[in-house]
Amino acid sequence: MVENVKAHFTEAYPTCEVTAVTKGNDMTKLMSLDQDSIEAGENLHYYKSVLEKTETSQEINPHVSGQLWRCCSSEEVDAIDFYTNKEQYLLQKMREQLEKGEPCPPGGGLCHL
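The text that follows walks through the structure, step by step, so that each part is easy to find. (Residues numbered from 1 in each chain as written. Predicted model: local features only at pLDDT ≥ 70, side-chain atom pairs only at ≥ 80, totals over all residues. Heavy atoms only, no water.)

**So, the packing of helix H2 (residues 27-54) against helix H4 (residues 79-100)**
Closest axis-to-axis distance for the H2/H4 pair is 8 Å, and the angle between their directions is 160°. Overall, the two elements H2 and H4 adopt an arrangement that is roughly antiparallel. For the element pair H2 and H4, the recorded crossing hand is left-handed. (Axes fitted to C-alpha atoms, helices over the stretch in contact; angles between N-to-C directions. Helix = DSSP H or I, 4+ residues; strand = E, 2+ residues; numbered from the N terminus. Parallel < 35°, antiparallel > 145°, perpendicular 65-115°, else oblique. Left-handed = near helix turned anticlockwise from the far one by under 90°.)

Have a look at this one:
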């Protein structure tokens, strides 16, 4: 594949020298993980500021259904612990995704001229 891309750019741009062609990562999953990580960090910051102001740790029900139907579920967790763990988990997933190096969809990559 890399040689085909290199040949294509060499033919399409004969006045330029193609110095390298590299495969790109699938950024869709990375961008989604990054956005989730940012949101977890913002929530963590919020609950830390609430703790600072009120000196009371907040408990949350992390499940969507638990937030909508509080009367049906009693599983609550410490908000700071939950968002700290979630942020760390998402950052680890991002590192794994980068190490795995899933190729981007066909046609994606970098060509260095």
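**Details of the packing of aromatic side chains**
Tallied over the full model, the rule gives four aromatic pairs. Relative to Tyr83, the ring of Phe82 lies with its centre 4.9 Å away and its plane at 80°, an arrangement referred to as edge-to-face. A relative accessible area of 26% means that Phe82 is categorised as partly exposed. On the accessibility criterion, Tyr83 (11% relative accessible area) is buried. (Phe/Tyr/Trp six-rings, centres within 6.5 Å; stacked < 30°, edge-to-face > 60°. Buried < 20%, exposed > 50% of the residue type's maximum accessible area, 1.4 Å probe, protein only.)

**Looking at the pattern of salt bridges**
For the coordinates displayed, the defined rule picks out one salt bridge. Glu96 serves as the salt-bridge partner of Lys93, at 3.8 Å between the closest nitrogen and oxygen. Here Lys93 and its partner Glu96 are both found in helix H4, three residues apart, which amounts to about one turn of the helix. Classification of Glu96 by relative accessible area gives partly exposed; the value is 34%. (Salt bridge = Lys/Arg side-chain N within 4 Å of Asp/Glu carboxyl O.)

**Comments concerning unusual backbone geometry**
Trans peptide bonds make up the majority, and among non-glycine residues the majority have a negative phi. The phi angle at Glu55 is positive, at roughly 55°, despite the residue not being glycine. The residue Glu55 is located in the loop between H2 and strand S2 (59-60) in this model. Given the relative accessible area of 72%, Glu55 is considered exposed.

**Remarks on the environment of Ser37**
Looking at the secondary structure, you find Ser37 in helix H2. Take Ser37: its relative accessible area is 8%, and that puts it in the buried class. Discounting chain neighbours no more than four positions away, the residues touching Ser37 are Glu87, Leu90, Leu91 and Met94. (Contact = heavy atoms within 4.5 Å.)

**Notes on H4**
Because each turn of an α-helix spans 3.6 residues, side chains separated by three or four positions in sequence point in the same direction. Look at H4: 31 Å from first C-alpha to last across 22 residues, which is about the 32 Å you get at 1.5 Å a residue. Within the span of H4, buried status applies to Ala79, Ile80, Tyr83, Leu90, Met94 and Gln97. The buried residues of H4 occupy an angular sector of 125° when the element is viewed end-on, so they sit on one face. Exposed positions of H4 whose direction lies more than 90 degrees from the buried face are Tyr89, Glu99 and Lys100. Packed against the buried residues of H4 are H2, S2 and strand S3 (77-78). Residue Asp78 occupies the N-cap position of H4, its side-chain oxygen lying 3.3 Å from the main-chain nitrogen of Ile80. (Expected span 1.5 Å × (residues − 1). Arc of directions from axis to C-beta. Polar contact = N/O pair within 3.5 Å; in protein donor to acceptor, adjacent residues only side chain to side chain.)

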